[in-house]
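Okay, here's what each chain looks like letter by letter:
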Amino acid sequence: MNTPGTPTYDQLRIFLTIVDTGSFAGAGRKLNRAVSVISYGIANLEAQLGITLFDREGTRKPQLTVAGRALLAEARSISDGMDGLRAKVKGLLDGLEAEISLAVDVMLPAERLGKVLRAFAREYPTVQLRLHVEALGAVTAMVLDQEAVIGISGPLSSGVEGIESMVAGSVPMVPVAAPDHPLGRMEVIHPGAGREYTQLVLTDRSRFTEGQDFSVSSPKTWRLADLGAKHALLREGIGWGNMPLPMIEPDLVAGTLVRLAMPDHVGGTYRFSGIWRRDTPPGPAASWLLDQFVQLGAGDAELDGMGDV
């Protein structure tokens with residue numbers, strides 16, 4: 001009966017770095033070690049496990065063997081778990097944060113943000129806060145680039161490598177226009193009518209939205225990087241577009257905007273996530289903030305689809 005030995009964390013890290021860089025030399029450069037040390041580490045790992053991980057014959061680039069491919073996911077899981085453990089311990093040793101940088105999606109209802117931050121000021125009076133309000137993929141970019149410790153992001157954070165997340169509610173998006181806009185004056189809006197008029201679309205300059213559109217119906221668009229500007233232009237009758245319902249409810253009541261019953265563009269749900277870097281988990285105060293957003297968002301009703309932004 002063959003019983004494999006127990007590999008070290010360092011051996012697994014060497015293995016994963018070779019896979020990620022594509023060569024022993026690349027792994028040596030990334031880990032700042034000699035190629036001979038990398039080769040020795042892999043030889044020891046293979047001896048520990050009793051299997052060959054790389055096929056080194058007939059190619060300059062090491063290829064994973066069948067056994068190596070089978071173990072790759074487990075090795076990544078162990079490495080991620082160890083990174084998380086070390087980062088968590090560091091947070092505990094560092095104690096309470098002196099300052100927190102928080103990035104929130106502009107779609108987050110202002111009332112919810114105010115409620116959480118008001119409670120935060122009472123709970124952690126010694127912790128300073130830096131608040132960034134961003135659109136679309138910019139929240140995720142700030143967290144990945146370590147310009148923010150935590151974020152309340154829209155759906156574009158989903159599946160981003162290195163990001164951990166938790167569900168933090170949602171907001172309904174509804175199509176609206178000014179009452180004197182042609183769409184606003186229509187009692188019955190026929191399918192495709194939105195394509196005939198300018199659609200106001202929120203945009204940003206992050207790498208996560210480059211070259212992408214989200215449910216944009218009209219070939220005629222004005223693109224704005226500010227939700228407040230989009231709101232103002234909608235009220236001026238310049239175009240039509242989706243808005244978060246809590247933000248424009250007073251306009252619907254006052255009649256300065258009307259909700260459009262568009263059969264092919266009914267709006268949808270814009271979902272939020274609390275996010276942080278996997279290798280930099282939030283400390284006590286930041287964790288408390290995330291928990292508050294999660295709790296307040298737990299009762300949000302959802303519609304189908306995301307809607308244009």
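Residues numbered from 1 in each chain as written. Predicted model: local features only at pLDDT ≥ 70, side-chain atom pairs only at ≥ 80, totals over all residues. Heavy atoms only, no water.

A. Spatial organisation of the nonpolar core. Membership of the largest hydrophobic core comes to 40 residues, with the highest contact counts inside it found for L102, M107, F120, I152, F272, L289 and F293. If one sorts the elements of this core by residue count, helix 10 (residues 284-297) sits on top with six residues. Not counting residues within four places of it along the chain, the set of residues in contact with F120 comprises I100, V127, L129, A285, W288 and L289. In terms of nonpolar packing, the next biggest core, distinct from the first, is built from 16 residues, L12, F15, F24 and L53 among them. (Core = buried A, V, L, I, M, F, W, Y, C linked by side-chain atoms within 4.5 Å. Buried < 20%, exposed > 50% of the residue type's maximum accessible area, 1.4 Å probe, protein only. Helix = DSSP H or I, 4+ residues; strand = E, 2+ residues; numbered from the N terminus. Contact = heavy atoms within 4.5 Å.)

B. Region of interest: a nonpolar patch on the surface. Taken together, L129, L131 and V133 make up a surface patch of nonpolar side chains, about 220 Å² in accessible area. Residue placement: L131 occurs in strand 4 (residues 128-134). When its relative accessible area of 37% is taken as the criterion, L131 is described as partly exposed. (Patch = residues over 30% accessible without salt bridge, like charges linked within 9 Å, V, L, I, M, F, W, Y side chains within 5 Å. Areas by Shrake-Rupley, 256 points an atom, 1.4 Å probe, with all protein chains shown as cover. Salt bridge = Lys/Arg side-chain N within 4 Å of Asp/Glu carboxyl O.)

C. Structural context of the packing of helix 1 (residues 9-21) against helix 2 (residues 24-31). Following both chains from N to C, one finds helix 1 and helix 2 inclined at 115°, their axes separated by 8 Å at the closest point. Classified by chirality, the crossing of helix 2 by helix 1 is right-handed. Across from R13, I14, T17, I18 and T21 in helix 1, the residues of helix 2 making contact are F24, G26, A27, K30 and L31. (Axes fitted to C-alpha atoms, helices over the stretch in contact; angles between N-to-C directions. Left-handed = near helix turned anticlockwise from the far one by under 90°.)

D. Looking closely at the packing of helix 1 against helix 3 (residues 35-49). For the pair helix 1 and helix 3, the least separation of the axes is 9 Å and the interaxial angle reads 115°. By the angle class used here, helix 1 and helix 3 are roughly perpendicular. For helix 1 against helix 3, the interelement crossing comes out left-handed. Listed contacts from helix 3 to Q11, I14, F15 and I18 of helix 1 are I38, G41, I42, N44, L45 and Q48. For the contact of helix 1 with helix 3, the per-class residue count stands at six nonpolar, four polar and no charged. (Parallel < 35°, antiparallel > 145°, perpendicular 65-115°, else oblique. Nonpolar A, V, L, I, M, F, W, Y, C, P; charged D, E, K, R; others polar.)

E. Region of interest: helix 1. The end-to-end C-alpha separation of helix 1 is 18 Å, in line with the 18 Å expected for 13 residues at 1.5 Å each. Three or more residues of helix 1 are buried, namely Q11, L12, I14, F15, L16, T17 and I18. Looking one or two residues past helix 1, G22 carries a phi angle of roughly 90°, positive in sign. (Expected span 1.5 Å × (residues − 1).)

F. View of the pairing of strand 5 (residues 150-153). Where burial is concerned, the two faces of strand 5 agree: the one with I150 and I152 and the one with G151 and S153 are both buried. Across three bridges, strand 3 (residues 99-105) lies against strand 5 in parallel orientation. Counterpart to A103 in the pairing with strand 5 is G151. Sheet analysis places strand 5 next to strand 11 (residues 268-277), joined by four bridges and oriented antiparallel. Each residue of the ladder has a partner; that of S153, found in strand 11, is S273. (Pairing = 2+ DSSP bridges.)

G. Broad picture of the confidence of the model for the chain. This prediction gives the chain a mean pLDDT of 86; 90% of its residues lie at or above 70. Long-range and interchain partners of residues 303-308, a stretch whose pLDDT sits below 50, account for 32 contacts in this model, where long-range means more than four residues apart. (pLDDT = per-residue confidence, 0-100.)

H. Seen up close, the packing of aromatic side chains. The full count for this structure, using the stated rule, is six aromatic pairs. On the numbers, 6.1 Å between centres and 45° between planes, the contact of F120 with W288 is tilted. Of the two residues, F120 is situated in helix 5 (residues 110-123) and W288 in helix 10; the sequence distance between them amounts to 168 residues. With 5.8 Å between their ring centres and 75° between their planes, Y124 and W288 make a pair best called edge-to-face. Here W288 lies in helix 10 and Y124 lies in the loop between helix 5 and strand 4, a separation of 164 residues in the sequence. Accessibility assignment for this pair places Y124 and W288 in one class, buried. (Phe/Tyr/Trp six-rings, centres within 6.5 Å; stacked < 30°, edge-to-face > 60°.)

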